[in-house]
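The primary structure of each chain is shown beneath.
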Amino acid sequence: FFKQKTAYEIKECDWSSDGCSSDLQRDALAAFSRDRVVLFAGGLGTPFLTTDTTAAMRASEMRCDAILKATNVDGIYTADPKKDPTATRYDRLTFDEAIRRDLKVLDTAAFALARDNAIPIIVFALREHGALIDVLKGSGRATVVAGREA
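Note that the coordinates shown come from a computational prediction; the quantities given were computed from them, not determined experimentally. (Residues numbered from 1 in each chain as written. Predicted model: local features only at pLDDT ≥ 70, side-chain atom pairs only at ≥ 80, totals over all residues. Heavy atoms only, no water.)

Visitor: Explain the environment of Ile 121 to me, using residue names and the numbers behind them.
Guide: Structurally, Ile 121 can be placed in strand β5 (residues 121-125). Ignoring sequence-local partners within four residues, the contact set of Ile 121 consists of Ile 67, Lys 69, Phe 95, Leu 106, Phe 111, Ala 114, Thr 143, Val 144 and Val 145. (Helix = DSSP H or I, 4+ residues; strand = E, 2+ residues; numbered from the N terminus. Contact = heavy atoms within 4.5 Å.)

Visitor: How would you summarise the pairing of β5 if you had to cite specific residues and measurements?
Guide: Counted residue by residue, β5 has 5 buried out of 5 residues, so it is predominantly covered. Taken together, the 5 bridges between strand β1 (residues 67-71) and β5 define a ladder with parallel strand orientation. When the sheet's bridge partners are listed, Leu 68 is paired in β5 with Ile 122. With 4 bridges connecting them, β5 and strand β6 (residues 142-145) associate as antiparallel partners. (Buried < 20%, exposed > 50% of the residue type's maximum accessible area, 1.4 Å probe, protein only. Pairing = 2+ DSSP bridges.)

Visitor: Go over the pattern of salt bridges with me, naming the residues and quoting the values.
Guide: The tally for this structure, following the rule as stated, stands at 10 salt bridges. In this structure, Arg 141 engages Asp 74 in a salt bridge whose closest nitrogen and oxygen atoms are separated by 2.3 Å. On the criterion of sequence distance, the pair formed by Arg 141 in the loop between α5 (131-137) and β6 and Asp 74 in the loop between β1 and β2 (76-77) is long-range, its members being 67 residues apart. Residue class for Arg 141 comes out partly exposed when judged on its relative accessible area of 44%. The buried category is assigned to Asp 74, whose relative accessible area is 13%. Measuring nitrogen to oxygen at the nearest pair gives 3.0 Å for the salt bridge that ties Arg 89 to Asp 91. Bridged by salt links that share partners, the residues Asp 96, Arg 115, Asp 116 and Arg 148 form one connected network. (Salt bridge = Lys/Arg side-chain N within 4 Å of Asp/Glu carboxyl O.)

Visitor: Explain the sheet that holds β5 residue by residue, including any values.
Guide: If you walk across this open sheet you meet the 4 strands as β1-β5-β6-β4, and the pairing is mixed. Looking at the sheet topology across the chains shown, the edges are occupied by β1 and β4 (92-93). Strand direction decides the pairing type here: β4 and β6, joined by 2 bridges, are parallel. Residue pairing in the sheet places Leu 93 in a bridge with Val 145 of β6.

Visitor: Tell me about the nonpolar core, and please be specific about residues and values.
Guide: By size, the foremost hydrophobic cluster in this structure holds 23 residues, and its most contacted members are Ile 67, Ile 76, Leu 93, Leu 106, Phe 111, Ile 121 and Val 145. Elements with a minimum of two residues in this core: α1 (23-33), α2 (51-61), α3 (95-100), α4 (108-116) and β5. Counting residues per element, this core draws most heavily on α4, which supplies 3 residues. The residues contacting Phe 111, other than those within four sequence positions of it, are Phe 95, Ala 98, Ile 99, Leu 103, Val 105, Leu 106, Ile 121 and Val 145. (Core = buried A, V, L, I, M, F, W, Y, C linked by side-chain atoms within 4.5 Å.)

Visitor: Give me the lowdown on the side chain of Arg 89, citing residues and values where you can.
Guide: Inspection of the secondary structure puts Arg 89 in strand β3 (residues 89-90). In this structure the side chain of Arg 89 is engaged in a polar contact, spanning 3.0 Å, whose partner is the side chain of Asp 91. Of the polar contacts made by the side chain of Arg 89, one reaches the backbone oxygen of Ala 142; its length is 2.8 Å. Excluding its chain neighbours within four sequence positions, the residues that come into contact with Arg 89 are Asp 74, Gly 75, Ile 76, Tyr 77, Arg 141, Ala 142 and Thr 143. (Polar contact = N/O pair within 3.5 Å; in protein donor to acceptor, adjacent residues only side chain to side chain.)

Structural data, given as structure tokens:
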């Protein structure tokens, strides 16, 4: 699913101004061209936009291969597994299914923006040792949201 790549350090960026259009954006694009992994973190600091929507916006702008969403559980469930013992985990969902089922792991705007730009979202456990590396290798326990309904 993913090639193993070397991480590349990008300095801090103030996305809230006019976007990260300076050397940092060029650095990120240059890193991508060398098959490096670039990690973006943080929000825009603007009202009415969640960090999920911000992540989808940045991923779309940078033409990213995927959005990785680290959460307290190992994927997307039918209900909150901490509150509902009958909740079951999805291995895969389409964007349309996630929106139609009103799954609260991300907001609808983030799902729609990722869908419209064909960027898969991978939801995995934040606190599970090695989970990020496993996701990058294409293994591990996670939910992949991708594609549209036919």
